[in-house]
Amino acid sequence: GESVGLHLPTLSVQEGDNSIINCAYSNSASDYFIWYKQESGKGPQFIIDIRSNMDKRQGQRVTVLLNKTVKHLSLQIAATQPGDSAVYFCAEIPGYSTLTFGKGTMLLVSP
Amino acid sequence: DAGVIQSPRHEVTEMGQEVTLRCKPISGHDYLFWYRQTMMRGLELLIYFNNNVPIDDSGMPEDRFSAKMPNASFSTLKIQPSEPRDSAVYFCASSKRASFNSPLHFGNGTRLTVT
């Protein structure tokens, strides 16, 4: 079931480590997925997206992996930096419907 | 590029008062979305417009909420009368013609506090 309540899942890492943030999506009809980063006091910011006909996509320091069999999405951040500290959301779009956001994961990076 | 611009950044009002939130989308974007964010419920879609026309308002919580888009460069979200449970951060976002493969660009939000 989905997480409910005041506490976001939190991932704490050391600067320079690789981070992996996971997301389980709910709709098997979803064919487009996006990762957003939200810093304190700001709106969500686009990081990377992937279509359902792909299982991996790479950007600058970030990689998104998609496993449609188990409806799982992950965001890998290489050489994590303090500036990467934020809440990360996965979002899915079933067909031509609208974006549905997950609950988010907080990433804390220690120097 | 100015990005999506929202005003005000913060709004504090008393229960029963009318609140109007404003949004200027990115020029050339045909879709405009209003989201609400709370710790309990996360990001919820309230309503979205395509070419200034409301397409889906099923997320608008009650009749106290209304949204308009009089032209391609301006939208408002109005709450009348406001209640303490409306306290949240309200985001406006815009995207290009097709939502598929066209990520939403968000403003920095309006933090609403209703006392």
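Attention in this report is confined to the structure presented alongside it. (Residues numbered from 1 in each chain as written. Chains lettered and ligands numbered in written order. Predicted model: local features only at pLDDT ≥ 70, side-chain atom pairs only at ≥ 80, totals over all residues. Heavy atoms only, no water.)

So, about the overall build of chain B. The secondary structure content of chain B amounts to zero helices and 11 strands. The helix and strand sequence of chain B, counted from the amino end, reads β-β-β-β-β-β-β-β-β-β-β. Its C-alpha atoms give chain B a radius of gyration of 13 Å, near enough to 13 Å, the size a compact globule of 115 residues would have. In terms of overall dimensions, chain B has a C-alpha envelope of 40 × 30 × 30 Å along the principal axes. The proportion of buried residues among the 115 residues of chain B is 49%. Within chain B, counting contacts between residues at least 6 apart in sequence, those at least 24 apart form 54% of the total. On chain B, roughly 5,700 Å² of surface is accessible, and the fraction owed to carbon and sulfur atoms is 47%. Counting 12 positive and 12 negative side-chain charges, chain B places the averaged centre of each group 5 Å from the other. (Helix = DSSP H or I, 4+ residues; strand = E, 2+ residues; numbered from the N terminus. Rg over C-alpha atoms; globule rule 2.2 N^0.38 Å. Buried < 20%, exposed > 50% of the residue type's maximum accessible area, 1.4 Å probe, protein only. Contact = heavy atoms within 4.5 Å. Areas by Shrake-Rupley, 256 points an atom, 1.4 Å probe, with all protein chains shown as cover. Lys, Arg positive; Asp, Glu negative; His and termini not counted. Charge placed at Lys NZ, Arg CZ, Asp CG, Glu CD.)

Cis geometry is found at the peptide bond from Ser7(B) to Pro8(B), where omega equals -10°. Relative to the assigned elements, Pro8(B) resides in the loop between β1 (5-7) and β2 (10-13). That bond from Gln80(B) to Pro81(B) is cis: its omega, -5°, falls within 30 degrees of zero. Mapped onto the secondary structure, Pro81(B) falls in the loop between β8 (74-79) and β9 (88-95). With a phi close to 70°, Arg61(A) is a non-glycine residue in the positive phi region. Inspection of the secondary structure puts Arg61(A) in the loop between β5 (56-58) and β6 (62-67). For Ala79(A), which is not a glycine, the phi torsion comes out positive at approximately 45°. With respect to the element layout, Ala79(A) can be found in the loop between β7 (72-77) and β8 (86-94).

We now examine the interface of chain B and chain A. In this assembly, 21 residues from chain B lie in contact with 24 residues from chain A. Of the roughly 1,900 Å² buried between chain B and chain A, counting both surfaces, carbon and sulfur atoms make up 61%. Run the count over chain B and chain A and you get zero salt bridges. Where chain B packs against chain A, one counts six residue pairs in polar contact (both at pLDDT 80 or more). Top element by residues in the side of chain B that touches chain A is strand β5 (residues 42-50) of chain B. It accounts for four residues. For the side of chain B that touches chain A, the per-class residue count stands at 12 nonpolar, seven polar and two charged. (Buried area = accessible area lost by both parts, 1.4 Å probe. Salt bridge = Lys/Arg side-chain N within 4 Å of Asp/Glu carboxyl O. Polar contact = N/O pair within 3.5 Å; in protein donor to acceptor, adjacent residues only side chain to side chain. Nonpolar A, V, L, I, M, F, W, Y, C, P; charged D, E, K, R; others polar.)

Let's shift gears to the pattern of salt bridges. Applying the stated rule across the entire model yields 11 salt bridges over all chains. Salt-bridge contacts for Asp49(A) lead to Arg57(A); the nearest nitrogen and oxygen are separated by 2.2 Å. Residue Arg57(A) is classed as partly exposed on the basis of its relative accessible area of 36%. Measuring nitrogen to oxygen at the nearest pair gives 3.5 Å for the salt bridge that ties Arg64(B) to Glu83(B). Of this pair, Arg64(B) sits in the loop between β6 (53-56) and β7 (65-71) while Glu83(B) sits in the loop between β8 and β9, placing them 19 residues apart in sequence. A single network of salt bridges, built from pairs that share partners, joins Glu62(B), Arg64(B), Glu83(B), Arg85(B) and Asp86(B).

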